Amino acid sequence: MKIPKRVSLGFGYVVTIEYVTRAEMAQQNPPLLGEKADDGYWDRDHRRIVIVNDELSYAHQRYVYAHEMVHAVNDFLDEYLDVWSISERKPVKAVKTALPLDGPTTTASGKG
């Protein structure tokens with residue numbers, strides 16, 4: 001089975017698959033001190049899966065692809081579940097919110 005270069009999950013959500021060397025992976029997704037770079041990762045911001053291709057067997061690359069695709073599908077569902085009212089099965093207007101990862105923010109008055 002050949003790994004695709006692009007996968008469309010529907011509604012314009014397209015995942016691209018890119019290959020890099022282990023050294024490039026270490027630059028893009030730095031490993032923890034004393035560890036080697038990951039075999040692959042899901043880049044949510046760019047909707048891409050990045051896979052190391054210079055050290056891994058093709059079977060291992062397929063495993064990495066499948067593993068990272070699960071993350072892509074979960075993000076696809078999260079994005080589209082935020083847009084649809086599941087109980088009514090009717091689309092609702094999406095509201096873009098940017099929540100900080102480190103907790104609530106405060107306004108100039110000091111209140112949240």
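As the structure is a computational prediction, the values presented were derived from the model and not from experiment.

S.K.: Is there a simple way to explain the pattern of salt bridges in this structure?
M.R.: Close approach of charged atoms allows side chains with opposite charge to pair. Applying the stated criterion across every chain, the model contains six salt bridges. Between Glu18 and Arg48 there is a salt bridge, with the nearest N and O atoms lying 2.7 Å from each other. Remark: Arg48 occurs in strand β4 (residues 48-52) and Glu18 occurs in strand β2 (residues 14-20); sequence separation between them is 30 residues. Salt-bridge contacts for Glu79 lead to Arg47; the nearest nitrogen and oxygen are separated by 2.8 Å. Of the two residues, Glu79 sits in helix α2 (residues 58-81) while Arg47 sits in the loop between β3 (40-43) and β4, which places them 32 residues apart along the sequence. Judged by its relative accessible area of 33%, Glu79 is partly exposed.

S.K.: Honestly, the sheet that holds β2 in this entry has me stumped. Any pointers?
M.R.: Remark on secondary structure: sheet strands pair via backbone hydrogen bonds, oriented parallel or antiparallel. Spatially, four strands are ordered β1-β2-β4-β3 in an open sheet, and the strand pairing comes out mixed. For this open sheet the edge positions go to β1 (6-8) and β3, each flanked by a neighbour on one side alone. Pairwise comparison of adjacent strand axes, ignoring direction, gives a mean angle of 15 degrees for this sheet. Pairing between β3 and β4: four bridges, direction antiparallel. Note on β4: the bridge partner recorded for Trp42 is Ile49.

S.K.: I'm lost on the environment of Pro31 in this one. Help?
M.R.: Its place among the elements puts Pro31 in the loop between α1 (22-28) and β3. Here Pro31 is in contact with Ala26, Lys36 and Ala37, once residues within four sequence places are set aside.

S.K.: Explain the packing of aromatic side chains here, please?
M.R.: Both the distance between ring centres and the angle between the ring planes are used here to describe each pair of aromatic rings. By the definition in use, this model includes four aromatic pairs. Taking the centre distance of 5.2 Å and the plane angle of 70 degrees together, the rings of Tyr13 and Phe76 count as edge-to-face. Pair noted here: Tyr13 is in the loop between β1 and β2 and Phe76 is in helix α2, with a separation of 63 residues, a long-range link. There is no split in this pair, since Tyr13 and Phe76 are both buried. Arranged with centres 6.5 Å apart and planes meeting at 70 degrees, the rings of Tyr13 and Tyr80 form a pair that is edge-to-face. Residue Tyr13 is found in the loop between β1 and β2, and its partner Tyr80 is found in helix α2; the two are separated by 67 residues along the sequence.

Cut-offs applied
- Residues numbered from 1 in each chain as written.
- Predicted model: local features only at pLDDT ≥ 70, side-chain atom pairs only at ≥ 80, totals over all residues.
- Heavy atoms only, no water.
- Salt bridge = Lys/Arg side-chain N within 4 Å of Asp/Glu carboxyl O.
- Helix = DSSP H or I, 4+ residues; strand = E, 2+ residues; numbered from the N terminus.
- Buried < 20%, exposed > 50% of the residue type's maximum accessible area, 1.4 Å probe, protein only.
- Pairing = 2+ DSSP bridges.
- Axes fitted to C-alpha atoms, helices over the stretch in contact; angles between N-to-C directions.
- Contact = heavy atoms within 4.5 Å.
- Phe/Tyr/Trp six-rings, centres within 6.5 Å; stacked < 30°, edge-to-face > 60°.

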